[in-house]
Amino acid sequence: MDFSVLRNLISRYCVGEEYWVDSRTVYIGHKEPPPGAEAYILQRYPDNRIVSSKYTLWNFIPKNLFEQFRRIANFYFLLIFLVQLIIDTPTSPVTSGLPLFFVITVTAIKQGYEDWLRHKADCSINECPVDVIQQGAVVRTESHKLRVGDIVMVREDDTFPCDLILLSSSRDDGTCYVTTASLDGESSHKTYYAVPDTMAFVTEQEVDSLHATIECEQPQPDLYKECLCIYICLLFFRPLGAENLLLRGATLKNTEHIYGVAIYTGMDTKMALNYQSKSQKRSAVEKSMNAFLIVYLCMLIGKALINTVLKYSWQWSSDHDEPWYNQRTEIDRERHVIRAFTDFLAFMVLFNYIIPVSMYVTVEMQKFLGSYFIAWDTDMYDEDLGQGAQVNTSDLNEELGQVEYVFTDKTGTLTENCMEFIECCVDGHIYIPHAICNGQILSADHEDLFFRALCLCHTVQVKEEETVDGIKMGLHQGKPTSFYISSSPDEVALVEGMKRLGYTYLRLKDSHMEILNKDDEIERFELLHVLNFDSVRRRMSVIVRSSAGENLLFCKGADSSILPRVVSGKVEQVRARVEQNAVEGLRTLCVAYRSLSPADYEEACHRLSAAKLALQDRDQRLMQAYDFIERDFTLLGATAVEDRLQEKAADTIESLHKAGMKVWVLTGDKMETAVATCYASKLFRRSTQILELTKKRTEEQSLHEVLFDLSRTPCVCVCVFMSRLSVDCQDYGLIIDGATLSAVLKPGPESSGSGNYREIFLEICRNCSAVLCCRMAPLQKAQIVKLIKASKEHPITLAIGDGANDVSMILEAHVGIGIMGKEGRQAARNSDYAIPKFKHLKKMLLVHGHFYYIRIAELVQYFFYKNVCFIFPQFLYQFYCGFSQQPLYDTAYLTLYNISFTSLPILIYSLIEKHVSVETLKRDPSLYRSEDVAKNSLLCWPVFLYWTCLGLFDACIFFFGAYFLFDNTTFTSNGQMFGNWTFGTLIFTVLVFTVTLKLALDTHLWTWINHFVIWGSLLFYVIFSLLWGGIIWPFLNYQRMYYVFMQMLSSGPAWLGIILLITLSLLPDVVKKVLCRTMCPTATERQATASENGSDVFQSSCTHVRCIWASDISLEEVRGLNVPLGQLDLVYIIIPDGHAVAVILSLPQ
């Protein structure tokens, strides 16, 4: 059998397909195969360069321009600019071109800077030093110069520069320990194995002399599955798996050095293939902006169309007296359609300023600069981590203020993911570490076996070194002592717990595990086999041989996985203790053992060897072997480990509830443990009625019956707010497990009725204040988030987690937040925002989110308002100039209005405005869901129409006020009449002062920055106008504004008119604000007033007897609440259809 036939055969079996496609052959050390082998064909693979940037020096300008002009607003203004260049328009192309150029330039600089940072990050990675074996010596080179087939030497605490096959290790057993935090979020240590046939090559010369070929599939992103094989000198082959593959980005730990061969480099590595670019998330504010923009675009087209029609109607009227010098020629008469179209385009150009192109760049700057307030917040800085909050995307700042659903992980998010051994139960006897230390006597029959089992059944490594990951560990009285590291924090807690109980695990040396028993005697056990833990079996086992020659199988795992396989032992006592610990929120494991006879051991070895050597269905055959070996157990006992709740986690969840958010916990933990955590974190209260939708219940009843039983539950939540803000709420909580959720979400034939399960499930969830989803797979977490997002209410969702298993739901939610926890940084890197602790979520939402939404909503509405004020007088002016397209304002004013005169005050306002204090927002979370901000209330259509109508009103005041003041009036002392440009300048002056002072009236927090930009903008306008009209500029062909502004200011009536028109324009808005704050103040205004007066909001709001009834709620039902009505101020009743009805009462004592 020649080499090619052998390769095709092995490839077929590895992949399970008849034909192999797209494989790659790697020659170790780039050595050509010996004579007689298949022809040597040099294959070209990418180098080890990592590229995360979008642009290069050559394609930045065209690519960036293409991306920017894909935005409708930019493309629209580009068309307007081109129209101004092509046809004769009333305004200069500069008026459209300069603002567009400004917007495009600012955006390009921002995106270019961000890409430059990505280039710097890429360069720092690509230029990292790497040790390569060449001609039997270690040669240091740069990372990007690595090629497929290079033999690489990696030292301890170094990161693997590419995907490597582990050839040999400095450890005698050919293993190495690796952390993969940057890949899958797990910071624990994992064990990888060298190729058995190459593990003896331990020097540079020996490794360089290796002649071997690796056959592997083309790169694919699966981190945990790999099918490849190695051919040693064409004599024999050995299949390899994921346990032999070291991935780029992982870090070598507790191993002096390793040798590996590069098989995937650069963008072919699994880390690069797993880089999931985030889908572009759009906030509700951006969607509202686009909707408003379409309305204004329709207004623009309508204005242009009306003016075009009226122009030709007027010109074609019989009583139209046109001067002889303006008579239309025959050509003009024949081309009236084309002429009408060009006039329509000219009117579009004249009125196009109603579309605020600068709004987009202002919004981007506001988001970009505003995101720094989160990063700078010292309240969100964690001393232990030495890090504060991070903003990975600034496009969703305002979405933080509109969250309705919060989906959170449990372990590491609500809890600390810091395990502490609490107790163990052996044959029904309880052992507590501190009690043992105080002299408790071990009395159970199996206590020695139990303690030995926990000292042996694990993958813990012992490290005797002062520093791990930059943290000093293991120091005792200045001397280094051993400490434990493992892939599971539970295992470390158990081994440390055994040490406190008198049994110390010492080391693994020469395949022998050493423990120090309670009599200070060292016991040695030969480690024969390790049956690793997996999420399907939910247990792990080891087979060891004692010094007496007895073969023992020790197993630990979940109670549901161990107890069905037990044939002897005190099962009921242990089960009762496990259930009690689970209710208390402790993580439990059961421990069992089995003594193997020589025949049993031989059979176990045979099955394990056959499964490991299988080339096809290897994983399935291993599972079958494990299932055969792990049986007929004798139960020893159980353990309890505590994962402590994070600081202020309960207070944060309670605040989120008060803010009107529904909190869901999505966890892979068992139900009892998760329920206990939910009670401790105040997700569930003692008065909460729990509804269960679990596999246990669906086994007793059909899923159909259970769902309809729950849907008929009278889920009426009555929240009674007493005069001192005490809350007594009977609510409902739902518990669902992963298996039942799969059945609910599983699509089925419509005839079966299963198609309605989703809606029934959603209806049940709407009637519950909190939901716990346990035994959830990562994909199911994302499915839950997607289900709620797609519901008919389309609520804003937020997902928060700390591990790689939370990334899917973080990417799926509207807003994703990562916790910088102990499970790596993958969740933090894939999130929109990252915070050190769960408690920081409270301020991020209730304070930052609230402020961001208020500010950007005001920014958007204000931009549309000031542009209506700006361009509507131009529309009215056409009725008085014969629709001749004569501009009302000078070109400089048209160009600089949005760029200079009015842009900076609103930008500063949108960055630092605080309508209420931070302490008030934290003290009263209900302001988050108040009617004036919830459900995108500030950008709803009624508010938009108010701002638009206010702009139209002010524009009419500007135009007609100036018009009547000009009518038959001489303003100058010498009797000279003001002209067209003076009329426009007067209107523009009133306009600039009015819109700026309008913003000043809306400002609550005044600082020196506000004063500087507001009064500075007005001063800049005056100075610019004086210079623009007071100097003869040599670069202008004509200067129609010469001396216009100074002539206007020299007139007393002009001053009086400006002051009068500004006052008339601002008066309605001032009156409206005073009346609204007096008669129907918003919740924020009531709270601000109450804070100033030191009184209670709810007491002051119920001074009279007022009742607002629902059709199906009677006074008797309200009295049936068993609440002393003399103290009752406010009752919220949520009826089953999800609508809230307020009943406001104030009855005598």
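Just so you know, these numbers come straight off a predicted model, no measurement behind them. (Residues numbered from 1 in each chain as written. Predicted model: local features only at pLDDT ≥ 70, side-chain atom pairs only at ≥ 80, totals over all residues. Heavy atoms only, no water.)

## Some thoughts on the sheet that holds strand 15 (residues 405-408)
So, point 1. Across the sheet, which stays open at both edges, the nine strands sit in the order 14-40-39-38-15-32-37-36-33 with mixed pairing between neighbours. Taken across any chain shown, the strands that pair with only one partner, and hence form the sheet edges, are strand 14 (390-391) and strand 33 (689-693).
So, point 2. The sheet contact formed by strand 33 and strand 36 (residues 732-737) spans five bridges and is parallel. Along strand 36, the bridge assignment pairs Ile 690 with Gly 733.
So, point 3. Running over the sheet, helix 24 (residues 757-766) touches strand 32 (662-666), strand 33, strand 36 and strand 37 (770-774) and is turned about 140 degrees from strand 36. (Pairing = 2+ DSSP bridges. Helix = DSSP H or I, 4+ residues; strand = E, 2+ residues; numbered from the N terminus. Contact = heavy atoms within 4.5 Å. Axes fitted to C-alpha atoms, helices over the stretch in contact; angles between N-to-C directions.)

## Describing a nonpolar patch on the surface
So, point 1. A contiguous nonpolar patch, built from Phe 75, Leu 79, Leu 82, Leu 85 and Ile 86 and spanning about 490 Å² of accessible area, is present on the exposed surface.
So, point 2. Mapped onto the elements, Leu 85 comes out in helix 3 (residues 72-86). (Patch = residues over 30% accessible without salt bridge, like charges linked within 9 Å, V, L, I, M, F, W, Y side chains within 5 Å. Areas by Shrake-Rupley, 256 points an atom, 1.4 Å probe, with all protein chains shown as cover. Salt bridge = Lys/Arg side-chain N within 4 Å of Asp/Glu carboxyl O.)

## Notes on the packing of aromatic side chains
So, point 1. In the structure shown here, the tally under the stated rule is 54 aromatic pairs.
So, point 2. Measuring from ring centre to ring centre gives 6.2 Å for Tyr 405 and Trp 664, while their planes differ by 70 degrees; the resulting arrangement is edge-to-face. Of this pair, Tyr 405 sits in strand 15 while Trp 664 is found in strand 32, placing the two residues 259 residues apart along the sequence. Side by side, Tyr 405 and Trp 664 carry an identical accessibility label, which is buried.
So, point 3. Chaining the aromatic ring pairs together yields one cluster made of Tyr 353, Phe 870, Tyr 889, Tyr 893, Tyr 897, Phe 901, Phe 988, Phe 1020, Tyr 1021, Phe 1024, Trp 1028 and Phe 1045.
So, point 4. Its guanidinium or amino end placed over the ring of Tyr 865, Lys 998 lies 5.9 Å from that ring's centre, counting from NZ or CZ. (Phe/Tyr/Trp six-rings, centres within 6.5 Å; stacked < 30°, edge-to-face > 60°. Buried < 20%, exposed > 50% of the residue type's maximum accessible area, 1.4 Å probe, protein only. Lys NZ or Arg CZ within 6 Å of the ring centre and 35° of its normal.)

## A few points about the pairing of strand 16 (residues 415-426)
So, point 1. Two elements, strand 16 and strand 31 (residues 633-645), share eight bridges in a ladder whose sense is antiparallel. Residue Val 426 lies in a different strand from strand 31, and its bridge partner there is Gly 637.
So, point 2. Note that strand 16 and strand 17 (residues 429-431) share three bridges and pair antiparallel. Along strand 17, the bridge assignment pairs Cys 424 with Tyr 431.
So, point 3. Adjacent in sequence and paired antiparallel, strand 16 and strand 17 are bridged by two residues, among which Asp 427 carries a positive phi angle near 55 degrees.

## Here we look at the pattern of salt bridges
Pairing between side chains of opposite charge can happen when the charged atoms of each approach one another.
So, point 1. Summed over the entire model, instances satisfying the criterion amount to 36 salt bridges.
So, point 2. The partner of Asp 448 in a salt bridge is Lys 518, and the shortest N-O contact between them spans 3.8 Å. Here Lys 518 lies in the loop between strand 25 (512-516) and strand 26 (522-531) and Asp 448 lies in helix 13 (residues 447-456), a separation of 70 residues in the sequence.
So, point 3. Between Arg 507 and Glu 514 there is a salt bridge; the shortest N-O distance is 2.4 Å.
So, point 4. Residue class for Arg 507 comes out partly exposed when judged on its relative accessible area of 34%.

## Quick notes on the confidence of the model for the protein chain
So, point 1. Looking at the protein chain, pLDDT values average 78 and 79% of them are 70 or higher.
So, point 2. Low pLDDT (under 50) marks residues 1-21, which in the prediction has 30 contacts with non-local residues, meaning those over four places away or in another chain.
So, point 3. Counting contacts from residues 466-480, a segment whose pLDDT is below 50, to residues more than four positions away or on other chains yields 19 contacts. (pLDDT = per-residue confidence, 0-100.)

## Some points on the side chain of Asp 490
So, point 1. When you line up the elements, Asp 490 lands in helix 14 (residues 489-500).
So, point 2. Judged by its relative accessible area of 14%, Asp 490 is buried.
So, point 3. Of note is the side chain of Asp 490, whose polar atom sits 3.0 Å from the side chain of Arg 587. (Polar contact = N/O pair within 3.5 Å; in protein donor to acceptor, adjacent residues only side chain to side chain.)

## A word on the sheet that holds strand 11 (residues 245-246)
Think of a sheet as strands paired side by side through backbone hydrogen bonds, with each pair either parallel or antiparallel.
So, point 1. Overall, antiparallel pairing links the six strands, which are arranged 3-2-4-13-5-11 in an open sheet. The open sheet is flanked by strand 3 (137-142) and strand 11, the only strands paired with a single partner.
So, point 2. Sheet topology note: the strand 2 (residues 129-134)/strand 3 ladder contains six bridges and is antiparallel. Bridged to Val 130 within strand 3 is Thr 141.

## A look at the packing of helix 33 (residues 980-1002) against helix 34 (residues 1008-1030)
So, point 1. Running from N to C, helix 33 and helix 34 point in directions that differ by 170 degrees, and their axes come no closer than 10 Å. As summarised for this structure, helix 33 and helix 34 are arranged roughly antiparallel, according to the angle between their axes. Between helix 33, through Thr 985, Phe 988, Thr 989, Val 992, Phe 993, Thr 996, Leu 997 and Ala 1000, and helix 34, the contact on the second element is made entirely by Ile 1014, Trp 1015, Leu 1018, Tyr 1021 and Val 1022.
So, point 2. The residue makeup of the contact of helix 33 with helix 34, split by class, is ten nonpolar, three polar and no charged. (Parallel < 35°, antiparallel > 145°, perpendicular 65-115°, else oblique. Nonpolar A, V, L, I, M, F, W, Y, C, P; charged D, E, K, R; others polar.)

## Observations regarding the pairing of strand 39 (residues 815-819)
So, point 1. The buried fraction of strand 39 is high, at five of five residues.
So, point 2. Inspection of the sheet shows strand 38 (residues 797-801) paired to strand 39 by four bridges, in the parallel sense. Across the sheet, residue Gly 801 finds its bridge partner in strand 39, namely Gly 818.
So, point 3. Looking at chain direction, strand 39 and strand 40 (residues 833-835) are connected through three bridges and run parallel. Of the residues in strand 40, the one forming a bridge with Gly 818 is Ala 834.

## Some remarks on the packing of helix 29 (residues 891-901) against helix 34
A pair of packed helices can be characterised by two numbers: the angle between their axes and the separation between those axes.
So, point 1. Viewed as axis vectors pointing N to C, helix 29 and helix 34 meet at an angle of 155 degrees, and their least axial separation amounts to 12 Å. Considered as vectors, helix 29 and helix 34 are oriented roughly antiparallel to each other. For the pair helix 29 and helix 34, the sense of crossing is right-handed. Each of Ala 892, Tyr 893, Leu 896, Ser 900 and Phe 901 in helix 29 lies in contact with helix 34, whose residues at this interface are Ser 1017, Phe 1020, Tyr 1021, Phe 1024, Ser 1025 and Trp 1028. (Left-handed = near helix turned anticlockwise from the far one by under 90°.)

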